[in-house]
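Observations on the three-dimensional arrangement
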Amino acid sequence: MSLENISCQKSFGGWHKRYKHRSEVLGCDMVFAVYLPPQAEQGGKLPVLYWLSGLTCTDENFMQKAGAQRLAAELGLIIVAPDTSPRGADVPDDPDGAWDFGLGAGFYLNATQAPWSQHYRMHDYVVQELPALVEAHFPASDARSISGHSMGGHGALVCALRNPGRYRSVSAFSPITHPMECPWGEKAFTHYLGEERAKWREWDACVLLENAQERLPLLIDQGDRDDFLEKQLKPEALAQVAKAVGHPLTLRLQPGYDHSYFFIASFIDDHLRHHVQALR
């Protein structure tokens, strides 16, 4: 599978690069970003953190706003940021142009309902196709971790919980923890998966955690001034499940912080160190 480099900038001795490629899983062209630390030019393979962004975002949000490159360069960590949904003229969008569904809102699941099922298979893209591509074209090892924000936090939790042994660690900022019981999730799941709520359980972190086959410690940061906290994100629901089943969870409610990348940039170093400790 070929890659087309569309931009390249030096950062903290390494390189931030964006690539376009044809995704067989999604049936469209996709763009992803990769940060290659200085150690990538010294031989050998490096561990990889996959970052999943939230609603309305692309691969650019995290790379431009989170400030992760400085510490990633120090730690020798590759960071890969995919887009948040399939894109292209043939990819269906919300017919009303809503921002919380369709383009930019793939929810990191495999859709089963027409017309979404033809393209909206972000779970398989993130878990299988993209890592295979990264590991074939870059000095990337199969030591993988995953993290994300909001919808991407939901994606990170679900990818890790559904694929035991695939990732060494997982974390999230302000994740949608219980999408079956929040407006964003109910809307997305109804369209992508259909009306039968039993099928939604396969994509809900709270449900998946109840029967998790491995005990990857969860690190979650949540701002207490987040406008979406009570109605959409529901971290207390995940905490209750984790306590009930004895799953290790560090949930940090950060006073004064909201849902923005100012929040992410404030604590991203903690998350990078959390992942590198597991990856090594």
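The structure we're discussing is the one just above.
We now turn to the structure provided with this report. (Residues numbered from 1 in each chain as written. Predicted model: local features only at pLDDT ≥ 70, side-chain atom pairs only at ≥ 80, totals over all residues. Heavy atoms only, no water.)

**Points about the overall build of the protein chain**
Of regular secondary structure, the protein chain possesses 10 helices and nine strands. Relative to the compact-globule value of 19 Å for 280 residues, the protein chain shows a C-alpha radius of gyration of 17 Å, a close match. Considering only intrachain contacts with a sequence separation of at least 6, the fraction spanning at least 24 residues in the protein chain is 71%. Put simply, the protein chain shows about 11,300 Å² of open surface, and 47% of that area lies on carbon and sulfur atoms. Computing the positive centroid from 26 side-chain charges and the negative centroid from 34, the protein chain places the two 5 Å apart. (Helix = DSSP H or I, 4+ residues; strand = E, 2+ residues; numbered from the N terminus. Rg over C-alpha atoms; globule rule 2.2 N^0.38 Å. Contact = heavy atoms within 4.5 Å. Areas by Shrake-Rupley, 256 points an atom, 1.4 Å probe, with all protein chains shown as cover. Lys, Arg positive; Asp, Glu negative; His and termini not counted. Charge placed at Lys NZ, Arg CZ, Asp CG, Glu CD.)

**So, the pattern of salt bridges**
By the definition in use, this model includes 13 salt bridges. For Arg 22, the salt bridge identified is with Asp 29, shortest N-O distance 3.6 Å. Exposure remark for Arg 22: the relative accessible area of 43% places this residue in the partly exposed category. Residue Arg 87 pairs with Asp 83 through a salt bridge whose shortest N-O separation is 2.8 Å. (Salt bridge = Lys/Arg side-chain N within 4 Å of Asp/Glu carboxyl O. Buried < 20%, exposed > 50% of the residue type's maximum accessible area, 1.4 Å probe, protein only.)

**Some points on the environment of Phe 107**
Of note, Phe 107 is situated in the loop between strand S5 (78-82) and helix H3 (122-137). Here Phe 107 is in contact with Leu 55, Thr 84, Asp 100, Met 151, His 154, Ile 176, Trp 184, Gly 185, Ala 188, Phe 189 and Tyr 192, once residues within four sequence places are set aside.

**So, the packing of aromatic side chains**
Evaluated as defined, the whole model comprises 18 aromatic pairs. For the pair Tyr 19 and Phe 32, a centre-to-centre distance of 5.8 Å together with 25 degrees between the ring planes defines the contact as stacked. One end of the pair, Tyr 19, is in strand S2 (residues 14-23); the other, Phe 32, is in strand S3 (residues 28-36), and 13 residues separate them in sequence. Centroid distance Phe 101 to Trp 116: 4.8 Å. Interplanar angle 80 degrees. Geometry classified as edge-to-face. With a gap of 15 residues between them, Phe 101 in the loop between S5 and H3 and Trp 116 in the loop between S5 and H3 connect regions that are remote in the sequence. Across the pair, Trp 116 and Phe 101 agree in class, each one buried. (Phe/Tyr/Trp six-rings, centres within 6.5 Å; stacked < 30°, edge-to-face > 60°.)

**Quick word on the state of the cysteines**
One pass over the full model with this rule turns up zero disulfides. No disulfide involves Cys 182; its nearest neighbouring cysteine sulfur is the one of Cys 206, lying 10 Å away. (Disulfide = S-S within 2.5 Å.)

**Things to note about helix H9 (residues 235-245)**
Listed as buried for H9 are Pro 235, Ala 237, Leu 238, Val 241 and Ala 242. Taken down its axis, H9 places every buried residue within 160 degrees of arc, on the same side. For H9, the exposed residues set more than 90 degrees away from the buried face come down to Gln 240, Lys 243 and Ala 244. Against helix H4 (151-162), helix H7 (205-210), strand S8 (218-223), helix H8 (229-233) and strand S9 (249-254) lie the buried residues of H9. The positive-phi residue at the C-terminal boundary of H9 is Gly 246, with phi of around 75 degrees. (Arc of directions from axis to C-beta.)

**Concerning the environment of Ala 68**
When you line up the elements, Ala 68 lands in the loop between helix H1 (60-65) and helix H2 (69-75). Residues Ala 68 and Ala 265, 197 residues apart in the sequence, show an inter-C-alpha distance of 7.5 Å. Aside from chain neighbours lying at most four places away, what touches Ala 68 is Phe 62, Ile 79, Ile 268 and Leu 272.

**Quick word on the environment of Leu 46**
In this fold, Leu 46 is placed in strand S4 (residues 46-52). Leu 46 sits in the buried class, given a relative accessible area of 11%. For the pair formed by Leu 46 and Thr 84, sequence separation is 38 residues and the distance between their alpha carbons is 24 Å. Look past the residues within four positions of Leu 46 in its chain and what remains in contact with it is Pro 37, Gln 39, Ala 40, Gly 76, Ile 78, Pro 139, Ala 140 and Ser 141.

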